Amino acid sequence: MNEHTTTNILVAGIGGQGVMTAAEVLAQTALSQGYDVKKTEVAGMAQRGGVVTSHVRFGPRVLSPAIPPGEADILVGFEPAEALRWCRELRPGGVAMVNTMKQEPPVVSLGLFDYPDEPVQQIRAAGIDVHAFDAGDIARKLGNFRLVNTVMLGAISRYLPFPPEVLKNQIVDRFRERKPQLVEINEQAFEAGQAADAAC
Amino acid sequence: MNAVNPLPGAERRFMSGNEAVARGAWEAGCRVAAAYPGTPSTEILEYASQYPEIYSEWSINEKVSLEVAIGASLAGSRALCAMKHVGLNVASDALMTQTLVGADGGLVIAVADDVGLSSSQNEQDSRFWGRFAHVPILEPSDAQEAYEMTKFAFTLSEKFSTPVILRMTTRICHVKGVVTPGTRTEFELPEGFRKDVGRLVMTPANARHRIPRMFEREERMRQYSEESDLNTVREGSDRRIGFIASGPTYMHVQEASPQFSVLKLGLSYPVPIERIRAFAAGVDQLVVVEEVEPILETEIKAAGIPVVGKELLPRVGELAPDVLRPAIARLLGEEPEPQTPPPAAPPAIPDTQAQPGAGLFPRPPTMCVACPHLGIYYCLSKIRKTSISGDIGCYTLGAGHPWNALDTTICMGASMGVALGLDKGRVEADRDKKIIAVIGDSTFMHMGMQGLLDITYNRGNLTVLLLDNRAVGMTGGQYNPASGRDIHGADSLRIDFPKLCEALGVKPERIHEVNPYELPNLFKVLRQETAIEDTSVVITNQPCVLVDFYKGQPAYGVDDEKCTGCGNCLDAGCPAIAVTRRETVVKPNGKEKELAFVRIDSQACTGCDLCPKTCAPDAIVPLQGFTRQ
Ligand SMILES: Cc1ncc(C[n+]2csc(CCOP(=O)(O)OP(=O)(O)O)c2C)c(N)n1
């Protein structure tokens, strides 16, 4: 990533998974590094179990808030089928970080649609640099499902134009203010995400 | 690093456009803010209510919110009301006459257009209201401008004694950006409310005299707009095109084609037509980039200035850079650049898929796990020969799978009048149809109460289902008079719906309160009331799962030994129930039957106890020793 241009991060998942929080943390971190930052939010109805995406853009000056199609540098996919849905938004050479834990929507449960076979492999087959692991499992083993968020942020931390520690400190500071008892476990989750990416 | 460095001492805050509006209003000394929730405007009041200096309220509809703001302005305070685009339809009756009266304390109406229909029933263009009501329109293009323009809007309102419309769109409301805020300056008109019957009492005789003043005011504002520094040119290097842009399109055109000049209209009505004429003279082709309607285009053309607009650009949805780039290339006769560059190594994509992810299932919003509406739709989907007029709220999802139990949706409150019309207009073929109206508590109080009175007065033969979940679920669970809480969460009036319905003319014996999780009783009451030729109201009494007073119970699970795969529980439509395995069996009569075996997501299940009542073999049971993470 060139530091004179805009960095584009697309976070995608399902309402209630923490997509917005992950995007907020990334945006705040970029802000702390002196960048101009824009981030889209999705609210209301779209949050209920529907697809949720947040665009985070930062650089010397950000104009349009939406990442143009095919120009995302990083896709943070909180769910494999959602990662497949949005992977075409990546630029050539972009990175897809995917949580492999599936969440089937009611339309699949009701038998109206099928869940795709091997979504991660379909992304890879499209020539995309995909890093996939079960962040849900890591979070559960750490004892709190909500840690998926921090695990995913740890996993993408080395692809950002600032050191991983900066992102980690942002998360830690956030919890120190609001829920100090969760600082340590979030540090562990972040590191587990880093390790999972390294092992991909 | 080539990054923007904050000015020394200035604080950089990261805010959405909605938060920035609240901040701007607060700094301007605003003392009264009122709104009815609606995406994408809702958070404006949520943020405003956090400032103790501002009296904030959730009004029961947009018309009332505007009237409250009008009263506050006349009382000598600066006042804000906020709403989504369709809200101004509701409030327009007040606007169209208040424009004759004007404003004392600054009167600002923040209206959020849902360009792209992320969460609305239509995509109308609020800029028309400026023309219709002869009031100015400000259009911010990002959060910083939303903050600055809101602050300025109060001054503008007082300068010309006019309501001011701050026109936002989803891309302004729901995009966070960097804002450098300032401090609050208190404001009040020292003389307070000034009695002035000729100006404030709009009888025909008085109003007649105000109309020429309104036109004269508009003319002065036109002059002002010509000179305002909210309307500025950003010079480009290439003279082949000059853009006119306002709101989010100002950012989109700069991103798509930075080489061309842009005339940015921050004060977009009254249109600074001479500025546009001068700008047009300096470029080969003038292109107006406006989302939704060709309003500026029509007015620019009427002024005799050649301009390209909607023959090039779509009339629906956002004009984002990816829409603009190919259109501009076409205009210049250039080959458009390929939109999505093909991936580096041409991949062997499995199957016949053109692109990765093509043909993937949709993931539309769903009702929440344990939503109290689920039981209602489970019943409605099983009752035959119905016409069901619906309304706007989470329960509109009842039109979809698996229930298919809602037949109309128009605007808030319409379920009432439409039901009466379905009853009175029924033809012979529909003689036995049961007419049912479904409406939520917030929608009922917004615009439904009047409709119910119309039904009782005119002896409607229909059943109203009033789904009282004690919150505005659709927009995120805001409080309302059904919650018994005010905007701050403090105790307040809790409306008594049975009494209200009785007062509106429904016979007491035709009013029933039901628990929507108790299926057998729900069925019984619905069957009974739809069979009676009279107006009945069935009121549900369990809260939305999003409100803080909702109490979950231990989760349920499926006993695999007992599950017969009948799939009946799936008809409830709870997203916590998922199919694990499907099977086709041949019944003794030779017919094939699809079986679906299920499991329950115990982390999501709140133990609402609805689905066990759909399960004949009693396979859905409370989980033993369960802990929720
Ligand atoms: C005029 C207007 N104002 C606001 C909205 C946004 N909106 C849609 S539904 C709704 C209220 C839903 O509340 P309720 O009727 O209680 O049903 P629930 O969603 O809680 O089931 C609101 C505020 C709208 N569509 N139209």
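Residues numbered from 1 in each chain as written. Chains lettered and ligands numbered in written order. Predicted model: local features only at pLDDT ≥ 70, side-chain atom pairs only at ≥ 80, totals over all residues. Heavy atoms only, no water.

### Let's talk about the pattern of salt bridges
Residues and elements named next belong to chain B.
- Per the stated rule, a full pass over the model turns up 49 salt bridges over all chains.
- Note that Arg-240 is salt-bridged to Glu-334, the shortest N-O span being 3.3 Å. One end of the pair, Arg-240, is in strand E10 (residues 238-245); the other, Glu-334, is in the loop between helix H13 (321-331) and helix H14 (373-382), and 94 residues separate them in sequence.
- In this structure, Arg-315 and Glu-293 form a salt bridge, with 2.6 Å as the shortest nitrogen-oxygen distance. (Salt bridge = Lys/Arg side-chain N within 4 Å of Asp/Glu carboxyl O. Helix = DSSP H or I, 4+ residues; strand = E, 2+ residues; numbered from the N terminus.)

### A short note on the nonpolar core
- Counting 79 residues, the largest nonpolar core has Tyr377(B), Leu380(B), Val438(B), Phe444(B), Leu452(B), Leu465(B) and Cys501(B) as the members making the most contacts within it.
- The leading source of residues in this core is H14(B), at six residues.
- Residue contributions to this core reach at least three from each of two domains, namely domain 3 (373-540) and domain 4 (556-625) of chain B.
- Core analysis: the next-biggest nonpolar cluster, separate from the first, contains 41 residues, Leu26(A), Val76(A), Leu160(A) and Phe14(B) among them. (Core = buried A, V, L, I, M, F, W, Y, C linked by side-chain atoms within 4.5 Å. Buried < 20%, exposed > 50% of the residue type's maximum accessible area, 1.4 Å probe, protein only. Domains from an automatic or database assignment.)

### Observations regarding the domain arrangement of chain B
All names here are of chain B.
- The assigned domain composition of chain B is domain 1 (3-191 + 199-227), domain 2 (231-331), domain 3 (373-540) and domain 4 (556-625).
- Using C-alpha coordinates to define each centre, domain 3 is positioned 29 Å away from domain 4.
- Each partner contributes to the interface: domain 3 provides 11 residues, whereas domain 4 provides 11 residues.
- Taken together, both faces of the contact between domain 3 and domain 4 bury some 890 Å²; the carbon and sulfur share is 66%.
- Interface area lost by domain 3 to domain 4 is led by Leu-374, Tyr-378 and Tyr-517, which between them contribute 56%.
- On inspection of domain 3 and its partner domain 4, the count reaches one salt bridge.
- Of the charged contacts, one joins Lys-382 and Asp-571 as a salt bridge, the two residues approaching to 2.8 Å between their closest N and O atoms.
- Our count for the contact surface shared by domain 3 and domain 4 stands at six residue pairs in polar contact (both at pLDDT 80 or more).
- Of all the secondary-structure elements, those providing two or more residues to the side of domain 3 that touches domain 4 are H14 and helix H18 (519-531).
- Residue contributions to the side of domain 3 that touches domain 4 peak at four residues, all from H14. (Contact = heavy atoms within 4.5 Å. Buried area = accessible area lost by both parts, 1.4 Å probe. Polar contact = N/O pair within 3.5 Å; in protein donor to acceptor, adjacent residues only side chain to side chain.)

### Some points on the interface of chain B and chain A
- Between chain B and chain A, the contact holds 61 residues from the first and 64 residues from the second.
- For the pair chain B and chain A, the two sides together bury roughly 5400 Å², of which 60% comes from carbon and sulfur.
- Joining chain B to chain A, the criterion identifies five salt bridges.
- A salt bridge links Arg325(B) to Glu71(A), with the shortest nitrogen-to-oxygen separation between them at 3.9 Å.
- Inspection of the chain B/chain A interface yields 17 residue pairs in polar contact (both at pLDDT 80 or more).
- Listed by contribution, the elements that provide at least two residues to the side of chain B that touches chain A are strand E8 (175-179), helix H10 (248-256), H13 and strand E20 (577-586) of chain B.
- Taken together, the residues of the side of chain B that touches chain A break down into 34 nonpolar, 17 polar and 10 charged. (Nonpolar A, V, L, I, M, F, W, Y, C, P; charged D, E, K, R; others polar.)

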